[in-house]
Amino acid sequence: MNHLSSTLVLCDLDHLLLGADGNLTQVVRDVLQLFVRRGGRFTVFSQRTPRAVRSILGSVRLSAPALVCGGAMAYHFSDGTRQPLCTFAGQDADLFTRLPVAAGVGVALQMTDGTTRVLRMSHALEQHLQQEWTPYLLANAADIRPDEVLRALVYQDNRSIPLTSLLEKALGDNAAMMRSE
């Protein structure tokens, strides 16, 4: 009896698995492929978008949907289908236009179509997107529908920027929901 076939390994696609260049090292790739060939089941969790995860995994096949965009989407690489696990549906249509506009505060949105849209860039957000190998599109907040948004990423360049109070002032009652995200 093959005990591996009843085992599903879910790995965070982070620096434990990735080399300095942000890709799977060859030894990790070989071990994962051997595990799957011997009947093991493997998938990943990542803050990254499906496109970034696919480029990192290369030929490594997954046995179950990947949890991407911080767990906000289940993505089936075998057929390209996606299942949003949460969205901002039901929120005010102008929610993203009310996000704080402040020097040193960057805002990006991970969308249900698997893309990342940047509303405002900051050095910290740019660094995060480069570190995570995440391609992005520039967007206008007025063109964003809440039901198409999985996650909001708000990055501050400097810890002295009062991000919590900026969110509370700009969003009122919706600030708690954004902070929890």
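Because the structure is predicted, anything quoted here is derived from the model rather than measured.

Basis of the calculations
- Residues numbered from 1 in each chain as written.
- Predicted model: local features only at pLDDT ≥ 70, side-chain atom pairs only at ≥ 80, totals over all residues.
- Heavy atoms only, no water.
- Helix = DSSP H or I, 4+ residues; strand = E, 2+ residues; numbered from the N terminus.
- Buried < 20%, exposed > 50% of the residue type's maximum accessible area, 1.4 Å probe, protein only.
- Contact = heavy atoms within 4.5 Å.
- Lys, Arg positive; Asp, Glu negative; His and termini not counted.
- Charge placed at Lys NZ, Arg CZ, Asp CG, Glu CD.
- Expected span 1.5 Å × (residues − 1).
- Arc of directions from axis to C-beta.
- Disulfide = S-S within 2.5 Å.
- pLDDT = per-residue confidence, 0-100.
- Phe/Tyr/Trp six-rings, centres within 6.5 Å; stacked < 30°, edge-to-face > 60°.
- Lys NZ or Arg CZ within 6 Å of the ring centre and 35° of its normal.
- Salt bridge = Lys/Arg side-chain N within 4 Å of Asp/Glu carboxyl O.

Asks: Tell me about the overall build of the protein chain, and please be specific about residues and values.
Replies: Looking only at helices and strands, the protein chain has 5 helices and 9 strands in total. Overall size of the protein chain, expressed as C-alpha extent along the three principal axes, is 60 × 35 × 25 Å. Counting only residues that meet the buried cut, the protein chain has 41% of its 181 residues in that class. Once local pairs closer than 6 in sequence are excluded, the contacts in the protein chain between residues at least 24 apart make up 58%. Side chains of the protein chain carry 17 positive and 17 negative charges; the gap between the two charge centres is 7 Å.

Asks: Go over helix 1 (residues 26-37) with me, naming the residues and quoting the values.
Replies: The end-to-end C-alpha distance of helix 1 is 16 Å, a good match for the 16 Å that 12 residues give at a rise of 1.5 Å each. Looking only at helix 1, the buried set comprises Val28, Arg29, Leu32 and Phe35. The buried residues of helix 1 occupy an angular sector of 130° when the element is viewed end-on, so they sit on one face. Exposed and oriented more than 90 degrees from the buried face of helix 1 are Val27 and Arg37. Among the structural elements, strand 1 (8-12), strand 2 (41-45) and helix 2 (50-57) are those in contact with the buried residues of helix 1. Phi turns positive one or two residues past the end of helix 1, at Gly39, with a value near 105°.

Asks: Residue-level account of the state of the cysteines, with values.
Replies: By definition, a disulfide links the sulfur atoms of two cysteines through a covalent bond. Applying the stated rule across the entire model yields 0 disulfides. The thiol of Cys69 is not disulfide-bonded; the next cysteine sulfur, from Cys86, is found 9.5 Å away. We classify Cys69 as buried; its relative accessible area is 0%. The class of Cys86 is partly exposed, set by a relative accessible area of 35%.

Asks: Any chance you could break down the confidence of the model for the protein chain for me, citing the residues and the numbers?
Replies: A residue-level look at the protein chain finds 94% of positions with pLDDT of 70 or above and a mean pLDDT of 86. Looking over the protein chain, one finds the lowest element-wise mean pLDDT in helix 5 (residues 175-180), namely 57, and the highest in strand 7 (residues 116-120), namely 95.

Asks: Could you give an account of the packing of aromatic side chains, with specific residues and numbers?
Replies: For the structure shown, the criterion picks out 2 aromatic pairs. Taken together, a centroid distance of 5.4 Å and an interplanar angle of 75° make the contact between Phe88 and Phe96 edge-to-face. Taking the relative accessible area as the measure of exposure, Phe96 reaches 1% and is therefore buried. Note that Arg54 overlies the ring of Phe77, its terminal NZ or CZ placed 4.7 Å from the centroid.

Asks: I'd like a rundown of the environment of Tyr75, residues and numbers included.
Replies: Here Tyr75 lies in strand 4 (residues 73-76). Taking the C-alpha atoms as reference points, Tyr75 and Ala64, 11 residues apart in sequence, are found 8.8 Å from one another. Setting aside residues up to four positions removed in sequence, Tyr75 forms contacts with Pro50, Pro65, Ala66, Val68, Gly80, Thr81 and Arg82.

Asks: Which residues make up the pattern of salt bridges, and what are the values?
Replies: Per the stated rule, a full pass over the model turns up 5 salt bridges. Between Arg98 and Asp92 there is a salt bridge, with the nearest N and O atoms lying 3.2 Å from each other. Residue Asp92 is classed as partly exposed on the basis of its relative accessible area of 40%. For Asp94, the salt bridge goes to Arg98, with nearest N and O atoms at 3.3 Å. Owing to a relative accessible area of 24%, Arg98 belongs among the partly exposed residues under this scheme. When salt bridges that share partners are traced, they join Asp92, Asp94 and Arg98 into one network.

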